Amino acid sequence: MATVAIREKLSPGAGAAPQVDTGKYVRYTPEQVEALERVYSECPKPSSLRRQQIIRECPILSNIETKQIKVWFQNRRCREKQRKESSRLQTVNRKLSAMNKLLMEENDRLQKQVSRLVYDNGYMRNQLHNPSVATTDTSCESVVTSGQHHQQQNPAVPHPPQRDANNPAGLLAIAEETLAEFMSKATGTAVNWVQMVGMKPGPDSIGIITVSHNCSGVAARACGLVSLEPTKVAEILKDRASWYRDCRRVDILHVIPTGNGGTIELIYMQTYSLTTLAAPRDFWTLRYTSGLDDGSLVICERSLTQSTGGPSGPNTPNFIRALVLPSGYLIRPCEGGGSMIYIVDHVDLDAWSVPEVLKPLYESPKILAQKMTVAAMRHIRQIAHESSGEIPYGGRQPAVLRTFSQRLSRGFNDAVSGFPDDGWSLLSSDGAEDITIAVNLSPNKLVGSYVSPSPFFSAVGGGIMCAKASMLLQNVPPALLVRFLREHRSEWADPGVDAYSAASLRASPYAVPGLRAGGFMGSQVILPLAHTLEHEEFLEVIRLEGHGFSHDEVLLSQDMFLLQLCSGVDENAPGACAQLVFAPIDESFADDAPLLPSGFRVIPLDGKTDVPSATRTLDLASALEVGSGGALRASSDASSACNMRSVLTIAFQFSFENHLRESVAAMARQYVRAVMASVQRVAMAIAPSCIGSQIEMKHPPGSPEALTLAKWIGRSYRVHTGAEIRWSDTEDVDSPLTLLWKHSDAILCCSLKAAPMLMFANSAGLDILETTLINIQDMLLEAVLSDEGREALFLELPKIMHQQGFAYLPGGMCKSGMGRQASYEQAVAWKVLGDDGAPHCLALMLVNWTFI
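Residues numbered from 1 in each chain as written. Predicted model: local features only at pLDDT ≥ 70, side-chain atom pairs only at ≥ 80, totals over all residues. Heavy atoms only, no water.

A word on the side chain of R601
Moving on, step 1. Topologically, R601 is positioned in strand β21 (residues 598-604).
Moving on, step 2. Buried R601, no salt bridge; nearest opposite-charge side chain is D246, N-O distance 5.0 Å.
Moving on, step 3. Within the structure, the side chain of R601 is placed 3.0 Å from the backbone oxygen of L274, a separation counted as a polar contact.
Moving on, step 4. Engagement of the side chain of R601 in a polar contact is seen with the side chain of N413, the distance being 2.2 Å.
Moving on, step 5. Filtering out sequence-adjacent residues up to four positions away, R601 remains in contact with S273, L274, F412, N413, V416, C577, A578, Q579, V647, L648 and T649. (Helix = DSSP H or I, 4+ residues; strand = E, 2+ residues; numbered from the N terminus. Buried < 20%, exposed > 50% of the residue type's maximum accessible area, 1.4 Å probe, protein only. Lys, Arg positive; Asp, Glu negative; His and termini not counted. Salt bridge = Lys/Arg side-chain N within 4 Å of Asp/Glu carboxyl O. Polar contact = N/O pair within 3.5 Å; in protein donor to acceptor, adjacent residues only side chain to side chain. Contact = heavy atoms within 4.5 Å.)

What to know about unusual backbone geometry
Moving on, step 1. One non-glycine residue, N318, lies in positive phi territory at about 75 degrees.
Moving on, step 2. Assignment of secondary structure puts N318 in the loop between β9 (297-303) and β10 (320-321).
Moving on, step 3. You can call N318 exposed: its relative accessible area is 58%.
Moving on, step 4. If you check the backbone angles, N475 has positive phi at about 65 degrees while not being a glycine.
Moving on, step 5. For N475, the location among the structural elements is in the loop between β16 (462-474) and α13 (478-487).
Moving on, step 6. For N475, a relative accessible area of 17% puts it in the buried group.

Some details on the sheet that holds strand β19 (residues 560-567)
Moving on, step 1. Read from one edge of the open sheet, 9 strands run β14-β15-β16-β22-β21-β20-β19-β18-β17, paired in antiparallel fashion. Two strands in the sheet have a free side with no partner beyond their single neighbour: β14 (424-426) and β17 (524-531). Strand-to-strand, the axes of this sheet are offset by a mean angle of 20 degrees, without reference to chain direction.
Moving on, step 2. Where strand β20 (residues 578-585) lies against β21, 5 bridges are found, and the strand directions are antiparallel. Within the sheet, the bridge partner assigned to A578 lies in β21 and is V602.
Moving on, step 3. Packed onto the sheet, helix α10 (residues 398-417) meets β14, β16, β17, β18 (537-544), β19, β20, β21 and β22 (645-657) and runs at close to 95 degrees relative to β22. (Pairing = 2+ DSSP bridges. Axes fitted to C-alpha atoms, helices over the stretch in contact; angles between N-to-C directions.)

Considering the pattern of salt bridges
Moving on, step 1. Counted according to the given criterion, the structure contains 27 salt bridges.
Moving on, step 2. E724 is paired through a salt bridge with R718; the nearest N and O atoms lie 3.3 Å apart.
Moving on, step 3. Bridged by salt links that share partners, the residues E37, R76, E80 and R83 form one connected network.

A short note on the pairing of strand β5 (residues 218-226)
Along a regular strand, successive side chains alternate from one face of the sheet to the other.
Moving on, step 1. For β5, the tally of buried residues reaches 9 of 9 residues, placing the bulk of the element in the interior.
Moving on, step 2. Every second residue of β5 is oriented toward a common face, with V218, A220, A222, G224 and V226 on one face and A219, R221, C223 and L225 on the other, all of them buried.
Moving on, step 3. Between strand β4 (residues 208-212) and β5, which pair antiparallel one after the other, the connecting turn spans 5 residues, and N214 there sits at a positive phi close to 60 degrees.

Section: the environment of W492
Moving on, step 1. Mapping W492 onto the fold places it in the loop between α13 and α14 (495-503).
Moving on, step 2. The sequence separation of W492 and M676 amounts to 184 residues, and the corresponding C-alpha distance is 8.5 Å.
Moving on, step 3. Setting aside anything within four residues of it in sequence, one finds W492 in contact with L485, F582, F600, F652, Y671, V675 and S678.
Moving on, step 4. For W492, the side chain forms a polar contact with the main-chain oxygen of L485, separated by 3.1 Å.

Re empty space enclosed by the protein
Moving on, step 1. With the rule as written, the count across this model stands at 7 cavities of 30 Å³ or more.
Moving on, step 2. The computed volume of the largest cavity comes to approximately 360 Å³.
Moving on, step 3. In this structure, the largest cavity is lined by 30 residues; those nearest its centre are Y244, F283, L349, L368 and M372.
Moving on, step 4. For the lining of the largest cavity, the elements supplying multiple residues, two or more each, are β7 (263-271), β8 (281-291), β9, β12 (327-333), β13 (339-348), α8 (359-363) and α9 (365-387).
Moving on, step 5. Of the residues in the lining of the largest cavity, the class split is 19 nonpolar, 5 polar and 6 charged.
Moving on, step 6. In this structure, the second largest cavity occupies an estimated 160 Å³ of space.
Moving on, step 7. Taken together, 19 residues make up the lining of the second largest cavity; nearest its centre are D498, S501, F582, P584 and S598.
Moving on, step 8. Looking at the lining of the second largest cavity residue by residue, the classes come out as 12 nonpolar, 5 polar and 2 charged. (1 Å grid on protein atoms, 1.4 Å probe; cavity = no way out; pocket = protein on both sides within 12 Å on 5 of 7 lines; lining within 4 Å. Points joined across faces, edges and corners; volume = space filled by probe spheres on them. Nonpolar A, V, L, I, M, F, W, Y, C, P; charged D, E, K, R; others polar.)

A few points about a nonpolar patch on the surface
Moving on, step 1. On the surface, a nonpolar cluster with roughly 230 Å² of combined accessible area is contributed by V250, I252 and V255.
Moving on, step 2. Locating I252 in the fold gives a position in strand β6 (residues 247-257). (Patch = residues over 30% accessible without salt bridge, like charges linked within 9 Å, V, L, I, M, F, W, Y side chains within 5 Å. Areas by Shrake-Rupley, 256 points an atom, 1.4 Å probe, with all protein chains shown as cover.)

Observations regarding the packing of aromatic side chains
What describes a pair of aromatic rings is the distance from one ring centre to the other and the angle between the planes of the rings.
Moving on, step 1. Evaluated as defined, the whole model comprises 16 aromatic pairs.
Moving on, step 2. Both rings, one in F654 and one in Y671, keep their centres 6.4 Å apart while their planes meet at 70 degrees; by these two values the pair is edge-to-face. Here F654, found in strand β22, pairs with Y671, found in helix α16 (residues 661-686); they are 17 residues apart in sequence, far enough to count as distant.
Moving on, step 3. Assessed through its relative accessible area of 2%, F654 is described here as buried.
Moving on, step 4. When the ring of F806 is compared with that of Y808, the centres are 5.4 Å apart and the planes differ by 85 degrees; the resulting orientation is edge-to-face.
Moving on, step 5. With relative accessibility at 12%, the residue F806 sits in the buried group.
Moving on, step 6. Chaining the aromatic ring pairs together yields one cluster made of W492, Y500, F582, F600, F652, F654 and Y671.
Moving on, step 7. The ring of F419 carries the charged tip of R248 above its face, separated from the ring centre by 3.9 Å.
Moving on, step 8. The side chain of R489 reaches across the aromatic face of F582, ending 4.7 Å from its centre. (Phe/Tyr/Trp six-rings, centres within 6.5 Å; stacked < 30°, edge-to-face > 60°. Lys NZ or Arg CZ within 6 Å of the ring centre and 35° of its normal.)

Spatial relationships are all this shows, so hold off on functional conclusions.
Have a look at this one:
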C-alpha cells in the first residue's frame, strides 16, 4: 500500500511527555487520514481514553502511537483555526475595499456639491455687488434665491397627455424619467444632502445616512454594504410591509413587463396614523424595476399625478393622499459577494393638513430617515446576519420572533388608527374629549386567520374595546421616558387591569376591576427573547409576579405574562420614535397565540434641530459636577432639553362581553386617564432641570437649601456621635453636598411628624428606593421599612430625640418603590439640627445594603 506525503511533526504541547522526539515525522495513508477526519468531525478534541479507543476501533491506525494521534488532532485544530481566521480577514478586507469604494464615490459627489455651492456663492456675490443686473436679469432668478436652480427637487417636466395602464409605452416613459431623477439623487447632487448626526460610516456600521436640506418635501438617503446578493436584497426591499412598520397594506394592481427585461407595477399603499390627532396617508405610485449595464439592479418609484400622467388610483375615505417624489433603491454587486445599496426616500406628506403643533412629524427628514430609510437598511442587515447563523435564538426560529414583533407593532397601529373596514366604530363620549373609546365586534377579522381562536374572541356577543389618547410632552427625551416606563411598570400600571387582560386568555371569566390608588404590585421579571443587530429593538417576555389583595382575588396571586416589544430607547438616535408595546400571553406561548397589544408611542416633534441629545441623568448627578465646567455642561444640557417637545400616543385594548360593555368602557376610560396622569408625573420627574421650570422641589439640585441640609446632616452626626461620617472614595471632594451624594451607604431624611414623610436621599438612597428626588417626597418612611425595622426605630426614638441624639439599629429589610426587597447590615439614626439648634429632620443611614 502506497503512503501519501502527509506528515505530522511531533511537538511538545500541553501535557506532552518530555521524552517525545520532537524531530520525528509520521506519514499517514489516505485511509488513515480519512478515518481521523471522520473522528474529528464528531469530536475535535478527544480525551486520552478516547484516543486509545480510536486506535482499538480502527485497525488501520494500529501502527500509530497515541501521542502521534494527539499531535495530529492538535495540528488539525490549528489548521482549522487558521482557516477560519484567514476567511474572516478576507471578509473584512472585502468589506473595507467595498467601503473604500463607497467612500470614494461619496467624496466625488461631495466635491461636485462643493463646486456647485462655490459657483452659487460667487454668483450671489456678483448679484449683490451689481444690483442693477439682479433687477434686470430674470433668467437666473432661481439661482439668486439660494441656488435653488441647481437643487430643484421637482424639475418641471412637460405635462404629457393623460396616460393609462393600457398604454405601456407611456408608462415606460414615466418610468425612465423616474429612473433618471432617482439616480441623480442617489449618486448625484440633485439634493443637498447633510450628514445625519450620530451616524458614522464603517465596515460594520449601518452605512452613510444623510438627510435633505432646503428641498421640497422631505428626503433621506442611506448607502451601505450587506452580505446578500442583489436579487435577494431587491426581494426584501420590495416587500415593504415586512420592514416598514407604518405600512398597513400594499396592493399591486397592475404588473406590466417591459421590453428591457424590467417590470412596471402600479401600487396602492396605505399607512397608519402616527397619532390619534391626524389622519392616515395613502399613496398611488408607479414602481419600476430594471437592470443596468454594470449589473446593478434599480427599483425606483414615484407618485402618479395629473402632472406626471398615468391612470388615477383608488380614492379611500378618511385617507389623505401623500406623494412619493422620485425615490428607490440602487443595488450593486460587490466583488467576492454581497451588495452595495443606495436607498433614497423622498416624500411630500401634506403637512398643511395637520394641526400646526404636529407639522414637525411630517416635515422632519430625520423622522423619515428613522422610520423608512434606516429601517430598510437595518432589516436587510438583520436578515443577512441571521442567514450567517451567528445569532442564538433559544429554540425559536428568527422568522417566528420577527413575526411576533410585527404582530405586536401592527396590532398597536390598528388600535391607534381604528379603521372602519377593520370593524372599529366609536362609542359615545362621556362629555370629556380627552379619551377616545372604540369597539370592534369582529375581532377575528382584526387579528387575522393565521392565529388560533381565543376564549374572548369566540365568546358570544363579545368584542374588543380600545381606549386611546394623545398628548404633548415638554422637555423629556422620548427614549428616556419609554425606558423608564419599561423598567418601572409599577409607576403607572394597575395590577387589577393587568389581571383582567390576562383573564381573557383563560376559560374562566374575571370581573371588571375597579382601579386602586395604591395596591402592591409584585415585581416584574424581564426575560429577553431576541434583539436586533444594533439593539435598537428587543422582544421580551415580562413575568408579573402575582400578589392577591384579598381572598376573593385569587387570580391576582397567579403570575401573569406579557409579550413586550421595546424600540427607540437610544437617546443619540435623532428623530427616532420610542415605543413600548405589550400584550398578555399564557404560559404556553404558542407561535399562533392571539395578541391584543397595548402600549405607548413617543415621537419627537422638534425634528428640524440638528443638536444631538446629550447624556442626561434622572437625579442630582449633573448638579454635583462642581466647578465652572460642570455648571456650564449642566446649563447647556438643560437649555437644549427645555426646547424639546414630543407627542405621546397611548392605546389600551380590552376584551369584553356585550352585557359588560358599559362597565368595561368606564374602566378603560378611567384607567387611561390614570395612566396619562402617571406618565405626566413621571415625565416631570425625569425631565432635565430647566431655567424657569415650574417643577417645585423642596431641595432642587445644587440649591442653597440642599447644600445647607448636607452641612446640617454632617455636623449633627459629628455632634451626636463624636465622629465624622466615613466618606469612602471622596476624600478629594470639598463640597458637603457632593460628599453626601456620593456616599456608598443609603442616607435618607424624613420629617418629624406623626407619619414621617421622606424628604431627601442621596444617590444610594434613591437607588435602594428605586425612585427620584421628586417622587421620594410622596413616600412614607413606614412604607419603606419592614415591621421589625419600624419597631426598632420607634423604640429608640425617645433616646434619639431627647437624650443622646442618635442610635445604632440592627440590620433588617426595607422595600423599594417598585416593591423589591433589600437588606442592610446595620442602620444609624440621628437627629439633624438646624443652625438655631432646633430639630429639623431625622436622618437614617442604611449600611452595606443590597437587593435580595
